[in-house]
Amino acid sequence: MPAEGHGPGAPALDHWIAGAATPPLSGGRVDDVDPATGEVLARIARGDADDVERAVVAARAALAGPWGRATVEERARVLEAAAAGLEARADALARLESEDTGKPIALARAMDVPRAVANLRFFAGAIRHDETPCHRTDGRALNYTLRRPLGVVGLVTPWNLPLYLLTWKVGPALALGNAVVAKPSELTPRTAGVLAEVLAEAGLPPGALNVVHGLGPEAGQALVEHPDVKALSFTGGTATGARVAATAAPRFKKLSLELGGKNPTLVFADADLEAALDGTVRAGFTNQGQVCLCGSRVLVERAVYADFVDALVARVRALRVGDPRDPEVQLGALVSAGHRDKVEGYLRLAREEGGRVLCGGERPTDLSARVARGAFLTPAVVADLGPACRTVQEEIFGPVVTVHPFEGEAEALALANGVRYGLSASLWTRDLARAHRVAAALEAGMVWVNTWLLRDLRTPFGGLKDSGVGREGGRWSLDFFSDAQNVCVALEGAGPPPAPTA
Ligand code: NAD
């Protein structure tokens, strides 16, 4: 296992290149800090262009070797064995993820690790059952489609769901026979190291998966710029996504961008309001509000607005904030002290913009000694802000929701769609026709009706507007991590070909 120690003697976490832990050529290190305690958990390799170069060379060598010749069945077996390997280390992985991110250990156990396991299993199944189209051309020809691996692909992932999102990309990339260079978030690097080891134990040849740690503008930028990296799957903030796109586009790299959100939760007066309350709290505050899919704008039909907001505030006040190791805790620390400061800045801005903080937004004072200096913030509900306020327009990515009344579907949709983002939405109603009508009119890549974050890995995942470009999930991931090649075979005796067309 990689770094698990604490304090001044925190262990080094090296890159994983060509099947082995590899120190950075520069010797540089970055601290990986536990945001709940402030302890240094690991001194991670500070990767740069030279380390990326070594990783890409290793990836190319893997493609030229046995990995490049591995059959679908062999690749699927590696992914299945790795899924079992992650499962066998579930407790340790949940602990690493909880320490790196500050999230409750209970959440890491219930969500992050099982989903990482499911991602690898899912793509093992997906590649086994994959089908490609065949087109018969007027009895003259058969066209069939081959999926070709892209070659070396770059994966860049954020800190909020580290292993969950990395496996979501590693699974399909390897299933299709690509070789990977991954750059995990510098804030939460440790489970990526375990994944590399687990895949090696599962039989993945050296170089087929490489992990380069380090800072975004250094290791990340070098990966995006590298001429032999044919595609980039990036998940992170919208501003970073724009930089990645600006670098990758002139180099004609295939690009998938999963970016930020400012997602609405729409509650109609005819909804099952108890269920809607549960869903609104879950959508607002899971992972301290640090899920790209979190519903941070709560839109409530005016007839039930006052009662709903009162009940929402009561539930939010009752959420338990504290030591992520405590299995009863529902909200842990934010990912870093710096991020906590940013969220607090938005709460100050909300007040300046005329908002009323109905609850939360404070540093808790009842924390146990172990975590007393951690990056905690009580969950906040803010009312009375107009739709144009920055607090309502910009992604805060913390435990803060704003509440807004609306009158009827047209106003609900105007509010819901009135931001630059378009990642997801959840809507709560008992009226079936309304559910379909509103869902279709919402500018969001994913809409949940009477639920939130119910995921089927076969479905398209991704955002509209400034929330991203492209889709991942199911066959969309298989499409992204491969090139489609059409083969046109003339049928014998089909007669002379027609005049050529483009
Ligand atoms: P971020 O954009 O700061 O960083 C994401 C990754 O990009 C990190 O690994 C970082 O080191 C790297 N990076 C930074 N600069 C880079 C550069 N110039 N070139 C290449 N890589 C670079 O995002 P974050 O703060 O880690 O994560 C939070 C953001 O991610 C939020 O905006 C959230 O909405 C978004 N997110 C989106 C999804 C989705 O599926 N749409 C999922 C999770 C998180």
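Residues numbered from 1 in each chain as written. Predicted model: local features only at pLDDT ≥ 70, side-chain atom pairs only at ≥ 80, totals over all residues. Heavy atoms only, no water.

A.B. asks: It is not clear to me how the sheet that holds strand β5 (residues 40–45) should be interpreted in this structure. Could you clarify?
C.D. replies: For sheets, the rule is that strands pair by backbone hydrogen bonds, running either parallel or antiparallel. The strand order β1-β5-β4 describes an open sheet built from 3 strands, whose pairing is mixed. Both edges of this open sheet fall to β1 (12–13) and β4 (29–33), since each of them pairs with a single strand only. One ladder, built from 2 bridges, connects β1 with β5; its direction is parallel. Within β5, the position partnered with Ala12 by the bridge is Arg43. (Pairing = 2+ DSSP bridges. Helix = DSSP H or I, 4+ residues; strand = E, 2+ residues; numbered from the N terminus.)

A.B. asks: In this structure, what is going on with the site of the ligand? I would like to understand it.
C.D. replies: Around the ligand there are 30 residues in total, and Lys183, Glu186, Thr240, Leu259 and Glu395 lie nearest to it. One of the backbone nitrogen or oxygen atoms of Thr157 is found 2.8 Å away from an oxygen atom of the ligand. One of the backbone nitrogen or oxygen atoms of Gly216 is found 3.3 Å away from an oxygen atom of the ligand. Those elements that provide at least two residues to the shell around the ligand are α8 (216–225), β11 (229–235) and α9 (238–248). Among the elements that line the shell around the ligand, the one with the most residues is α8, at 5 residues. Looking at side-chain class alone, the shell around the ligand contains 14 nonpolar, 11 polar and 5 charged residues. Lining the shell around the ligand are residues from two domains, each supplying at least three of them: domain 1 (7–259 + 467–485) and domain 2 (263–449). (Near = heavy atom within 4 Å. Polar contact = N/O pair within 3.5 Å; in protein donor to acceptor, adjacent residues only side chain to side chain. Nonpolar A, V, L, I, M, F, W, Y, C, P; charged D, E, K, R; others polar. Domains from an automatic or database assignment.)

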